[in-house]
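Analysis of the macromolecular model
These are the residues of each chain, in order.
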Amino acid sequence: MTVFFDILEHMKKPISFEITHVCRQSGARTGILHTPHGDVETPMFMPVGTQATVKFVSPEELYALGAGVVLANTYHLWLRPGEDIVAKAGGVQKFMNYKGPMLTDSGGFQVFSLADTRKISEEGVSFKSTLNGDQLFLSPEKSIQIQNAIGADIMMSFDECIPYPATYDYAKKSMERTLRWAERGKNANQRPEEQALFGIVQGGDYQDLREYCAEKLIEMDFDGYAVGGTSVGEDKETFLRMVGWSCKDLPLGKPRYLMGVGAVNDLLEAVSMNIDMCDCVLPTRLARHGTLLTSEGRINIRKAIYRDDFTPLDPECDCYCCRNYTRAYLNHLFRTDEGFGTRLMSIHNLRFLIRLMEEARTAIREDRYNDFKKEKLAAMKFDSRGF
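An account of the accompanying structure is given in this report. Within any chain, residue numbers begin from 1 and follow the written order of that chain's sequence. Since the coordinates come from a predicted model, pLDDT governs what is reported: local features require at least 70, and pairs of side-chain atoms require 80 or more to be given and counted, while whole-chain, interface and lining totals use all residues. In computing side-chain values, all of the structure's heavy atoms are included and hydrogens and water are not.

Some remarks on the overall build of the protein
- When helices and strands are counted, the protein shows 16 helices and 17 strands.
- Taken over the C-alpha trace, the protein has a radius of gyration of 21 Å; the compact-globule value for 387 residues is 21 Å, and the two agree within 12%.
- Dimensions along the principal axes, computed over C-alpha positions, put the protein at roughly 60 × 55 × 40 Å.
- Counting only residues that meet the buried cut, the protein has 57% of its 387 residues in that class.
- For the protein, the accessible area works out to roughly 16600 Å², and carbon and sulfur atoms hold 51% of it.
- The charge count includes Lys and Arg as positive and Asp and Glu as negative, but it does not include His or the ends of the chains. By convention, the point assigned to a charge is CZ for Arg, NZ for Lys, CD for Glu and CG for Asp. Side-chain charges in the protein split into 47 positive and 53 negative, and the spacing between the mean points of these groups amounts to 4 Å. Under the DSSP-based scheme used, a helix requires at least four consecutive residues in state H or I and a strand at least two consecutive residues in state E, with every element numbered from the N terminus. Here the radius of gyration uses the C-alpha set of atoms, whereas the globule reference equals 2.2 Å times the residue count to the power 0.38. With a 1.4 Å probe rolled over the protein chains alone, any residue whose accessible area is under 20% of its type maximum counts as buried; one over 50% counts as exposed, and the rest are partly exposed. Surface accessibility in these figures is a Shrake-Rupley result with a 1.4 Å probe; residues are shielded only by whichever protein chains are displayed.

This is how it looks when you write it as structure tokens:
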């Protein structure tokens, strides 16, 4: 099944989305996201380049790994080097020399993680800088202004990511404020024909709130929709409920982005629910601690059993690390605190998740996604709890 959406509808839109196949076995879908910086196949995993760099991996290497959209962080680029510097460079792609599409978050998650110093009001959030303690203020309008200057293909609405668990009353008030902020941010966008803007579904672990939030965001007609407020400490069943409620009524013809998810089992479940885009710092963070993703599950390269293991890290992987180096060498590099080891392991973990999504797309096109998911989870020794 191939679905093409009316070209005229998107003539003045910065992005468009095309569904290319729906799996007859599972209902999962493949698609193509058309952006000003190229077309990207979905579902996809997006590496996180917090400060206009993915840690220890060059933009050229990211492109070679098959990365499509790469994330940059609004909050951090606002503080350093400043959005004006990025704008003078010609936008974030030219600033960091990445040839593909990019997305910026709103800065909201970082701000709301500063629970000890932040103060939320209807206008926005005041907080102290993590760099020098200066008092700062971020509003929906300011977030969009910064993102307009950074110049990524896709921007995110400013929202509140509430903790889990949260009371119904707090989740409702926060969700309603998030909707008001979403509308203000949309009205503040000065580059609507150049940069897409996604709305973010919030509402905690409450079905009516998430469904209501999605309904109101759809009425605002965003370029795409994200699911926020998950992977914040909830169990897997709760996670799946929250995502399902958020996505149930979202329009089929627009991309869906599940924020902050990078665990293999979560990615595979997300694809089942027609999520098109996921991101997480997990692959590079794990690599820095010696934890590697393989076709048989996670391994800790620090263990002594790998000191004289001269096999590839993962014989099923096609990345530069697995094609050229052994587990014994990676064990040596990690134990001697050599940066090259972190680079190699980051390249592998990123490629592992990017390749997982490539394989998922193939399985969807072959109408066997449920079988593929079951095989992957069994091979990687998942139990009902996941990781």
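There is more to say, and it comes next.
A word on the pattern of salt bridges
- Just to be clear on terms, a salt bridge is a Lys or Arg side-chain nitrogen sitting within 4 Å of an Asp or Glu carboxyl oxygen. Tallying each qualifying case throughout the model produces 26 salt bridges.
- For Asp276, the salt bridge identified is with Arg29, shortest N-O distance 2.7 Å. Taken as a pair, Asp276 in the loop between α11 (264–272) and β15 (277–279) and Arg29 in strand β2 (residues 29–35) lie far apart in primary sequence, 247 residues in all.
- According to the relative accessible area criterion, Arg29 is buried, its value standing at 3%.
- When the shortest N-O distance is used, the salt bridge between Glu176 and Lys172 registers 2.7 Å. Here Lys172 and Glu176 lie together in helix α8 (residues 168–188), a separation of 4 residues that amounts to about one turn.

A closer look at the pairing of strand β16 (residues 291–294)
- Burial along β16 is two-sided: Thr291 and Leu293 and Leu292 and Thr294, pointing in opposite directions, are all buried.
- Here β16 pairs with strand β17 (residues 297–300) via 4 bridges, running antiparallel. Following the sheet pairing, Leu293 is matched in β17 by Arg298.
- From the end of β16 to the start of β17, which pair antiparallel, there are 2 residues. DSSP-based pairing: two strands are paired if at least 2 bridges between them are found.

Regarding a nonpolar patch on the surface
- Note on patches: the residues involved have over 30% relative accessible area and no salt bridge, like charges join within 9 Å, and the nonpolar side chains Val, Leu, Ile, Met, Phe, Trp and Tyr join within 5 Å. Together, Tyr320, Tyr329 and Phe340 give the surface a local cluster of nonpolar side chains, amounting to about 260 Å² of exposed area.
- Mapped onto the fold, Phe340 is located in helix α15 (residues 339–365).
- Given a relative accessible area of 31%, Phe340 falls into the partly exposed group.

Observations concerning the nonpolar core
- Val92, Phe127, Leu217, Leu258 and Tyr369 are the most contacted members of the largest nonpolar core, which totals 82 residues.
- In terms of residues, this core owes the most to one element, α15, which gives 10 residues.
- Residue contacts follow a heavy-atom distance rule, with two residues in contact if any of their heavy atoms lie within 4.5 Å. Filtering out sequence-adjacent residues up to four positions away, Val92 remains in contact with Ala52, Ala72, Leu77, Val86, Met102, Ile150 and Ala152.
- Working definition of a nonpolar core: buried Ala, Val, Leu, Ile, Met, Phe, Trp, Tyr and Cys residues. They are joined through side-chain atoms within 4.5 Å. Residues Val40, Leu71, Leu103 and Ala226 belong to the second largest nonpolar core, which totals 20 residues.

Looking at the side chain of Asp223
- For Asp223, the location among the structural elements is in the loop between α9 (207–220) and β13 (224–227).
- At 2.9 Å, the side chain of Asp223 forms a polar contact with the backbone nitrogen of Leu197.
- When near neighbours in sequence (up to four residues on either side) are disregarded, Asp223 contacts Lys13, Pro14, Ile15, Gln195, Ala196, Leu197, Phe198, Lys254 and Pro255. Under the rule applied, a polar contact is a pair of N or O atoms within 3.5 Å (in protein, one hydrogen donor and one hydrogen acceptor; residues adjacent in sequence only if both atoms are side-chain atoms).

Some details on unusual backbone geometry
- With omega at 0 degrees, the peptide bond leading from Thr42 into Pro43 counts as cis.
- Assignment of secondary structure puts Pro43 in the loop between β3 (38–42) and β4 (44–46).
- Here the residue pair Arg80 and Pro81 is connected by a cis peptide bond, since its omega of 5 degrees sits within 30 degrees of zero.
- Relative to the assigned elements, Pro81 resides in the loop between α3 (74–79) and α4 (83–88).
- Backbone geometry at Asn274 places phi at a positive 65 degrees, although glycine is not the residue there.
- Judged by relative accessible area, which is 16%, Asn274 ranks as buried.
- One non-glycine residue, Asp337, adopts positive backbone phi at about 60 degrees.
- The topology assignment puts Asp337 in the loop between α14 (327–335) and α15.
- The class of Asp337 is exposed, set by a relative accessible area of 70%.

This is a description of form; function is not addressed.
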